[in-house]
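A structural walkthrough
Chain by chain, the residues:
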Amino acid sequence: MRGTPRARGRMVSRRNMLMVSGASALGLFAPSFRSAMAQGIGGAAGDDTAEFVAFSRFATGHDNLDPLVGRSLLAALRAQSTAFPDQLAALIKTVADSKPADVEALEESLRGNPLHDTLLQIIRGWYSGVIEDGTDAKVYAFENALMYQPARDVVVIPTYAHNGPNYWVAEPAPVAQMPQF
Amino acid sequence: MAQDTQTADVVIVGAGICGSMLAHKLARNGLSVLLLDAGPHRDRDQIVENWRNMPPNNKSLYDYATPYPSVPWAPHTNYFPDNGYLIVKGPDASAYRQGIIKGVGGTTWHWAASSWRYLPNDFRLKSTYGVGRDYAMSYDELEPYYYAAELEMGVKGPNGQEIIPSAPRKNPWPMDSMPYGPGDRLFTEIVKPLGYDNTPVPQARNSRPYDGRPQCCGNNNCMPICPIGAMYHGVYGAWKAERHGARIIANAVVYAIETDAKNNIVAMNYYDPDKGTHRVVARTFVIAANGIETPKLLLLAANDRNPNGIANSSDQVGRNMMDHPGIGMSFQAAEPVWAGGGSVQMSSITNFRDGAFRSERAAIQIGYNNTAQNSRAGMKALSLGLVGKKLDEEIRRRSAHGVDIYANHEILPNPENRLVLSKDHRDALGIPHPEVTYDVGDYVRKSAVLSRQHLMKIAQAMGGTEIEMTPYFTPNNHITGGAIMGHDPKDSVVDQWLRTHDHPNLFLATGATMAASGTVNSTLTMAALSLRAGDAILEDMKHG
Ligand SMILES: Cc1cc2nc3c(=O)[nH]c(=O)nc-3n(C[C@H](O)[C@H](O)[C@H](O)COP(=O)(O)OP(=O)(O)OC[C@H]3O[C@@H](n4cnc5c(N)ncnc54)[C@H](O)[C@@H]3O)c2cc1C
Ligand code: SF4
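Calculation criteria
Residues numbered from 1 in each chain as written. Chains lettered and ligands numbered in written order. Predicted model: local features only at pLDDT ≥ 70, side-chain atom pairs only at ≥ 80, totals over all residues. Heavy atoms only, no water. UniProt positions renumbered as here; feature names shortened; annotations may be inferred. Helix = DSSP H or I, 4+ residues; strand = E, 2+ residues; numbered from the N terminus. Rg over C-alpha atoms; globule rule 2.2 N^0.38 Å. Buried < 20%, exposed > 50% of the residue type's maximum accessible area, 1.4 Å probe, protein only. Areas by Shrake-Rupley, 256 points an atom, 1.4 Å probe, with all protein chains shown as cover. Lys, Arg positive; Asp, Glu negative; His and termini not counted. Charge placed at Lys NZ, Arg CZ, Asp CG, Glu CD. Pairing = 2+ DSSP bridges. Axes fitted to C-alpha atoms, helices over the stretch in contact; angles between N-to-C directions. Contact = heavy atoms within 4.5 Å. Buried area = accessible area lost by both parts, 1.4 Å probe. Salt bridge = Lys/Arg side-chain N within 4 Å of Asp/Glu carboxyl O. Polar contact = N/O pair within 3.5 Å; in protein donor to acceptor, adjacent residues only side chain to side chain. Near = heavy atom within 4 Å. Nonpolar A, V, L, I, M, F, W, Y, C, P; charged D, E, K, R; others polar. Phe/Tyr/Trp six-rings, centres within 6.5 Å; stacked < 30°, edge-to-face > 60°. Lys NZ or Arg CZ within 6 Å of the ring centre and 35° of its normal. pLDDT = per-residue confidence, 0-100. Disulfide = S-S within 2.5 Å.

Per an unreviewed UniProt entry, chain B goes by GMC family oxidoreductase and derives from Nguyenibacter vanlangensis. Under the heading Cofactor (unreviewed entry), UniProt records this for chain B: "FAD".

Under an unreviewed UniProt entry, chain A has the name Dehydrogenase and belongs to Nguyenibacter vanlangensis.

Here it is in structure tokens:
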């Protein structure tokens, strides 16, 4: 059952329900708002974001990254360190030049290099949704933070209902069966 | 002096679960009720948003306070980082870092809603086992009020299941338990051959639509906020009270109490956030400001006639501070457990709630914590510096295999475990912070040696790795004892109706009155005691 289109459909509708009863009416309009922004990002002003998101796809191993989150993360990383744009450019060049098979290979090749930290910082941003430690850290992504995706077929993302009441009587999927995200 | 005066039949200080349920009962019975709360109104949607916007590290460390911003005129505890509101001292200071929330609805906004009855022997610890103190009433006298509270809160429980020991019931729980998720199922199975009976926790959460609130859909976010209202909190009582005509004033910090020559309470005074003063007059007054703030207010409000504090001729106000000192353990189980299916606390081991051993050492409750492990799994895996597939696999593995268990201990009332007004820390209104000195005592320490063995045995049976156990005692927010009940006005603060011995028209509707901590979460007992006090108040009103 879990992960079938029907179950997924139920999940989405529950989530919408939650938004209506929950946070803000704006939540209802989120999808169209998002796609409009994504289109905007394709334009001139969004070139940097597009590049950052493209590199982030390689860095995270996941294609389905939200460009809006990408834009916020990029702005935040730049604001945090003036060196970031150069480091990002250097990382992009490293990938172009040495063509590592995947991020694991890139990570290994960068050990001992200051760019290693930059790489992990970008990955942590997408996974955790924050780029700083501490209680006041600004959150750029929550329900779409990547760290909530590997177990999302079985474990709820806090505050989001997973499915209808008593969904938890079903047997969970095997640990080895990684959901697509 | 006071700028304005408001009057009511009954003034209740504190719109938490105790004050609100009592306000509802009194208003429903035709009394005019004024409910004052130090903190603001709180909005569920905003709390959900606040939590979503909290850093994942806070989520992984179970920071439940940050979504409820503390206000300068009514600060409450927050340990992320420690805001210094509650000052704790003594050998077990860390075990008294309690969570409380100020605002209409009170601390149960972020509770787990585990709603147990105490056992008959918890009410007569001294007469049965020769230790601690007895309640000023028996279990049987409280039984009808337990049921009234369960009906009001909507408690689901293991109807039809025989659990030993259990509190005797005249009526079934209003709702049946919901089924376990994978974690509680596996835990129950694994501990059974070790001789532990893991049984459903009665919970104030809907296993079917109940009282206008929806059925629990298992989003496992009970602490810090149920996003859909399937879990009961004090605010529902406050709203019902309001619908029956009670008036609620938020941001009203009671700080002074006026008494007459007969030591009746004449009026109370409160500050608004700008320190403007207001006066409230009533026939009967109730303080329902929780186990920390009730004794604090009684001490703060000392006046010429009551120089050691209101209701404190016995010198027991602020003494006997209790909770359930806990030991926490976490590990990675050999098999996938998948914590997080259903609510955050579904089951617990109750074999050691009672027995002859209580003459020497504390009774305990052992439990499995069903809070989803994904926040913690994500942060841990990231801290290992993993990337790519390995990172995803590690997060999934930890989400599936992570286990948290705990053992909570009964504690004896000890007058030296004491809350006083801080001499050097004051809030924005100039009111001293509470300061608690805490030592769990040998009764707990003796039992804790065995608790650690129980936990280790369970971890081993689950093939645990990365086993970590807190070397210190943890707090459990079950704040009891600070205005203890008893028959003798010389050594207790309230009588069996929660009426203060010193002031005929002042009641304390709070866990502070509880004379023994028992082993289980104590709020249902607080609520039942408060409803029982309501009958005394209604009776008083009949006779003028
Ligand atoms: C994280 C967490 C989980 C918990 N889980 C459980 C559980 O599963 N089961 C269980 O039984 N218990 C649980 N508890 C404990 C439970 O929340 C408390 O026992 C309960 O809230 C006490 O109710 P109360 O009405 O006495 O006090 P509160 O709910 O604290 O309400 C007291 C109110 O009084 C107000 N007040 C204080 N001082 C003043 C003043 N001077 N003037 C005016 N108003 C004032 C406060 O603003 C507050 O709103 C948990 C607690 C925490 C922190
Ligand atoms: S599991 Fe979810 S729906 Fe159920 S009580 Fe907890 S937060 Fe509410």
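Read on, since the account is not over.
**Things to note about the overall build of chain B**
Secondary structure assignment for chain B yields 12 helices and 18 strands. Here the C-alpha radius of gyration of chain B, 22 Å, is about what a compact globule of 544 residues would show, namely 24 Å. Seen through its C-alpha atoms, chain B measures out along the principal axes to roughly 70 × 50 × 45 Å. Burial statistics for chain B: of 544 residues in total, 68% are counted as buried. Carbon and sulfur atoms make up 52% of the accessible area of chain B, which amounts to about 17800 Å² in all. With 52 positive and 54 negative side-chain charges, chain B shows a spacing of 2 Å between the two charge centroids.

**Notes on the sheet that holds strand E16 (residues 432–437) of chain B**
In a beta sheet, neighbouring strands are held together by backbone hydrogen bonds and run either parallel or antiparallel to one another. All names here are of chain B. The strand order across the open sheet formed by 3 strands is E3-E16-E15, and the pairing between neighbours is mixed. The open sheet terminates on both sides in strands that have one partner only, identified here as strand E3 (87–89) and strand E15 (418–426). Sheet twist, expressed as the mean angle between neighbouring strand axes with direction ignored, is 30°. Here 5 bridges tie E15 to E16, and the two strands are oriented antiparallel to one another. Directly across from Arg418, in E16, lies its bridge partner Thr437. Sitting on the sheet, helix H8 (residues 290–300) is in contact with E15 and E16, with an inclination near 70° to E15.

**Thoughts on the sheet that holds strand E6 (residues 198–200) of chain B**
All names here are of chain B. Sheet architecture is open: 6 strands sit in the order E6-E12-E13-E14-E11-E17, paired in antiparallel fashion. A single partner strand is all that each edge strand has here, and the edge strands are E6 and strand E17 (465–469). On average, adjacent strands in this sheet sit at an angle of 25° to one another, irrespective of strand direction. Direction of pairing for strand E12 (residues 347–349) relative to strand E13 (residues 364–369): antiparallel, over a ladder of 2 bridges. Each residue of the ladder has a partner; that of Ser348, found in E13, is Gly367.

**Concerning the UniProt feature "domain: Glucose-methanol-choline oxidoreductase N-terminal" (unreviewed entry) in chain B**
Here the UniProt-annotated "domain: Glucose-methanol-choline oxidoreductase N-terminal" (unreviewed entry) positions come out as residues 182–325 of chain B. Between the C-alpha atoms that bound residues 182–325 of chain B the distance is 28 Å, and the span itself is 22% helix and 22% strand.

**Things to note about the side chain of Thr519(B)**
Residue and element names in this part refer to chain B. Structurally, Thr519 is set in the loop between strand E18 (506–508) and helix H12 (523–542). The class for Thr519 is buried, based on a relative accessible area of 1%. Sequence-distant contacts of Thr519, that is, excluding residues within four places in its chain, are made with His324, Arg353, Ala363, Ile364, Gln365, Asn408 and Glu410.

**Observations regarding the interface of chain A and chain B**
On the chain B side, the residues contacting the 50 residues of chain A number 56 residues. A buried area of about 4100 Å², summed over both sides, lies between chain A and chain B, and 64% of it is on carbon and sulfur atoms. Between chain A and chain B we count 2 salt bridges in total. Taken together, the links from chain A to chain B amount to 19 residue pairs in polar contact (both at pLDDT 80 or more).

**A closer look at the site of ligand 2**
By nearness alone, 15 residues border ligand 2, and Arg205(B), Cys216(B), Asn219(B), Cys222(B) and Cys226(B) come closest of all. Here the shell around ligand 2 is built from residues that sort into 8 nonpolar, 6 polar and 1 charged.

**Some thoughts on the packing of aromatic side chains**
Inspection of every chain in the model, using the stated rule, returns 16 aromatic pairs over all chains. Both rings, one in Phe52(A) and one in Trp126(A), keep their centres 6.2 Å apart while their planes meet at 25°; by these two values the pair is stacked. You can see Phe52(A) sitting in helix H3 (residues 47–60) and its partner Trp126(A) sitting in helix H7 (residues 115–128), a full 74 residues away along the chain. Residue classification places Phe52(A) among the buried positions, given a relative accessible area of 0%. Judged by its relative accessible area of 3%, Trp126(A) falls in the buried class. Between Arg169(B) and the ring centre of Trp173(B), over which it is positioned, the NZ or CZ distance is 4.0 Å.

**Regarding the UniProt feature "domain: Glucose-methanol-choline oxidoreductase C-terminal" (unreviewed entry) in chain B**
According to UniProt, the feature "domain: Glucose-methanol-choline oxidoreductase C-terminal" (unreviewed entry) maps to residues 413–529 of chain B in the numbering used here. Between the end C-alpha atoms of residues 413–529 of chain B there is a gap of 18 Å, over a span that is 24% helix and 20% strand.

**With respect to the confidence of the model for chain B**
Residue and element names in this part refer to chain B. With 99% of its residues at a pLDDT of 70 or more, chain B shows a mean pLDDT of 97. Across chain B, the element-wise mean pLDDT spans from 96 in helix H3 (residues 56–60) up to 99 in E18. Reported confidence for the predicted complex is 0.94 by ipTM and 0.94 by pTM.

**Quick word on unusual backbone geometry**
Residues and elements named next belong to chain B. Cis geometry marks the peptide bond from Phe80 to Pro81; its omega dihedral reads -5°. By the element assignment, Pro81 lies in the loop between H3 and E3. Between Ile164 and Pro165 the backbone carries a cis peptide bond, its omega angle lying at -5°. Mapped onto the secondary structure, Pro165 falls in the loop between strand E4 (156–157) and strand E5 (175–176). Positive phi, normally seen in glycine, also occurs at Asn477, with a value near 65°. Of note, Asn477 is situated in the loop between E17 and E18.

**Observations regarding the state of the cysteines**
Scanning all chains against the criterion turns up 0 disulfides over all chains. No disulfide involves Cys217(B); its sulfur sits 6.2 Å from the nearest other cysteine sulfur, which is in Cys216(B).

**Quick notes on the site of ligand 1**
All names here are of chain B. Around ligand 1, 36 residues are found, and the nearest of them are Asp37, Gly103, Thr107, Ser114 and Thr523. One nitrogen or oxygen atom from the main chain of Cys18 is found 3.0 Å from an oxygen atom belonging to ligand 1. Separating an oxygen atom of ligand 1 from a backbone N or O atom of Ser522 is a distance of 3.5 Å. Secondary-structure elements contributing two or more residues to the shell around ligand 1 are helix H1 (17–28), strand E8 (253–259), H8 and H12.

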